[in-house]
Each structure stands twice: as structure tokens, then as C-alpha cells.
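These are the residues of each chain, in order.
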Amino acid sequence: RSMAKVRLEALEPDIIVARRWLGGRPRLRLSTALEGDKIVYREQLGPLSAAVDIDLSEPIRIDANWLLTWSHHVLYTNMVEPLLRFMFVARGYALLHCAAIDRDGSALVMSAKTDTGKTSTVLRLLVRGGFSFLSDDMAIVGPGGRLLGYPKPMTLSSHTMSAVNENALPVADRLMLSIRSTLHSREGRAVGHALGRLPLPIVTINAWVQLFIPPPKYHVTSLVDCAVIPSSTIGTVVLMERGEPLAETPSLDAMVDELLGNTEDAYTFPP
């Protein structure tokens, strides 16, 4: 039988992530150094701790040791995604912390500080029907209000599951959800942030914890029957806050400040 041949154009990567044997000898304190265009980060426990070299020349190269490549959520969240934020800005885009759903080509963008209710709201609206999914955590905003989806897996919590059918999760996952969601909640991250101010190998601690108790992440289609689309145009922005019921229309400047402030809030865990 014949086989059709498809020619694919090879694209040069902007970021290369590779595993290397890094760490060296144990040391008394963590070490961060700039060697030319390279950031060198080492923690106290030598080969048992987190170690990474980030070469900022083009293409950017992230050499991570075995612990970080095993705990890939820590590697992505703490090393890759911060670099993406700067790279998007350099190309005229912004990576915002927000949720976004679409109806008829118009995107509803919801922005709030972490653990304010974006995920629950998104799931409830998707369950009701009529919306397509763009993003739950981050979205890429381009010129002219163009919104590109960034469909990372959702981080669930016990209260978030009230928005969907609990049977969507395996029994073992439902039993562990309370522990996992507490550890990876805003309060859990606040503890990590406080520990990060102490002379401790904090990235190592974070990596080991997330190896044994990974964050409760699930793709939206495993929870709700919905369409996932790649892009839309911003139609409405809703700023969500905790507190008494309130509805008011902010100024454009206040809205932009809140969008950026909520994005900064999402990056509280060191480094």
C-alpha cells in the first residue's frame, strides 16, 4: 500500500529544557550566581537538592538536575513559565493570570487572586452549557484584545468539586483530594513563601513534596463535556473579589492594574 508523505517545517525552539547531572557538593547556604548570560542556582544538599543552570542567550537553555526533571510541575512553574512571561512581553503579548470562556466569538475573562473562585465559576458556567473553554489559570492577551487559550490542567479543590459531578474523579482521587488541595492551596503556598525567607533549600523541599503529593490537576474535558477552543476576542472582563456582594464598573486604568496585580499574586512561591 502507498503512504502519503507530509513535509513538516522544522521550527527552532525558543527554550530548550535538558536534564544534566548538577548539584555538586553539599554547601552551607544556597548559591545564586550570574556567570555571563547564565544564571546558576544551587541549594544546600548537593546532588540531593534542586540545581539548575539557565542560559539566557538565544535560544534560552534550561539545564535541570534529576530532581527538577522528575518534579516537572516545579520545573515548569518556577523556571519555564516565568521566562515565558518575559518572552511574550518582548513579542507584544501578555501572559495573564485569569480564566476565560467563550460564547459566539466573545470571551468572558475572569480575573481574581488565587483561590477566589475562578475555577468553580468556570465549571458551573460550562455545566450550564453554551460556553467553550479557553483557560482556567493563564491566558495570552495580544493586540486588539485577541485572547489565546492556555489550557493548562485545572487545579481542583474540595469546594471546587461541588460545581461538577464528583463521580468524574476516581474514588482514590476523591479520597486524597482534601489533603492534596489543602497542601496546594493559597494557605499552603503562603507557608512555602514564609519558608522561602529562611535559609532552607526551599525549591528542594517543594520538589520532594510535589513528588510524593502531586497537585490535583485535571484537564477540563475529564470533568465537563465541553469544547476547548484556541482563541477568541475579549468581550467582557470581570474582576472577582472576596467579600460582600458588589457590582460596579471600574475605570480602564483600574481594570488593567487589577489584571496585572492578580497576575503578580499568582507568582508568590519562590524563587
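Above this text sits the structure in question.
The rules behind each value
Residues numbered from 1 in each chain as written. Predicted model: local features only at pLDDT ≥ 70, side-chain atom pairs only at ≥ 80, totals over all residues. Heavy atoms only, no water. Salt bridge = Lys/Arg side-chain N within 4 Å of Asp/Glu carboxyl O. Helix = DSSP H or I, 4+ residues; strand = E, 2+ residues; numbered from the N terminus. Buried < 20%, exposed > 50% of the residue type's maximum accessible area, 1.4 Å probe, protein only. 1 Å grid on protein atoms, 1.4 Å probe; cavity = no way out; pocket = protein on both sides within 12 Å on 5 of 7 lines; lining within 4 Å. Points joined across faces, edges and corners; volume = space filled by probe spheres on them. Expected span 1.5 Å × (residues − 1). Bend = angle between axes of the 7 residues up to and from the residue. Axes fitted to C-alpha atoms, helices over the stretch in contact; angles between N-to-C directions. Parallel < 35°, antiparallel > 145°, perpendicular 65-115°, else oblique. Contact = heavy atoms within 4.5 Å. Nonpolar A, V, L, I, M, F, W, Y, C, P; charged D, E, K, R; others polar. Pairing = 2+ DSSP bridges.

(A) Region of interest: the pattern of salt bridges. In total, this model carries eight salt bridges according to the counting rule given. A salt bridge links aspartate 53 to arginine 20, with the shortest nitrogen-to-oxygen separation between them at 3.7 Å. With aspartate 53 in strand E4 (residues 51-55) and arginine 20 in the loop between strand E1 (15-19) and strand E2 (31-35), the pair connects residues that are 33 residues apart, well separated along the chain. With a relative accessible area of 36%, arginine 20 lands in the partly exposed category. A salt bridge links arginine 61 to aspartate 63; the shortest N-O distance between them is 2.8 Å. The exposure class assigned to aspartate 63 is buried, which follows from its relative accessible area of 6%. Linked by salt bridges that have partners in common, Arg20, Arg42, Asp53, Arg61 and Asp63 make up one network.

(B) Local environment of the layout of surface pockets. Size it by volume and the second largest pocket reaches roughly 470 Å³. Looking at the lining of the second largest pocket, the elements that each hand over two or more residues are strand E14 (231-239) and helix H7 (252-265).

(C) View of helix H2 (residues 72-90). Helix length check: H2 (19 residues) gives 26 Å between terminal C-alpha atoms against 27 Å at 1.5 Å per residue, within 8%. Maximum bend of H2: about 35°, positioned at valine 80, with proline proline 82 one to four residues after it. Those residues of H2 not exposed but buried are Val74, Leu75, Asn78, Met79, Val80, Glu81, Leu83, Leu84, Arg85, Met87 and Phe88. Within two residues after H2, glycine 92 carries a phi angle of roughly 90°, on the positive side.

(D) Just the packing of H2 against helix H6 (residues 202-212), in detail. Where H2 contacts H6, the axes come no closer than 8 Å and their chain directions differ by 140°. The angle between H2 and H6 falls in the class oblique. Residues His73, Val74, Asn78 and Met79 of H2 form the contact with H6, whose own contacting residues are Val203, Asn206, Ala207 and Gln210. Looking at the contact of H2 with H6, its residues break down into four nonpolar, four polar and no charged.

(E) Layout of the pairing of strand E5 (residues 60-64). Buried residues dominate E5, accounting for four of its five residues. Of the strand pairs in this sheet, E1 and E5 are connected by five bridges, and their pairing is parallel. Within E5, the residue paired with isoleucine 16 across the bridge is arginine 61. Judged from the four bridges that link them, E4 and E5 form a sheet pairing that is antiparallel. Across the sheet, the residue bridging to isoleucine 54 is isoleucine 62, located in E5. What sits between the antiparallel neighbours E4 and E5 is a turn of four residues.

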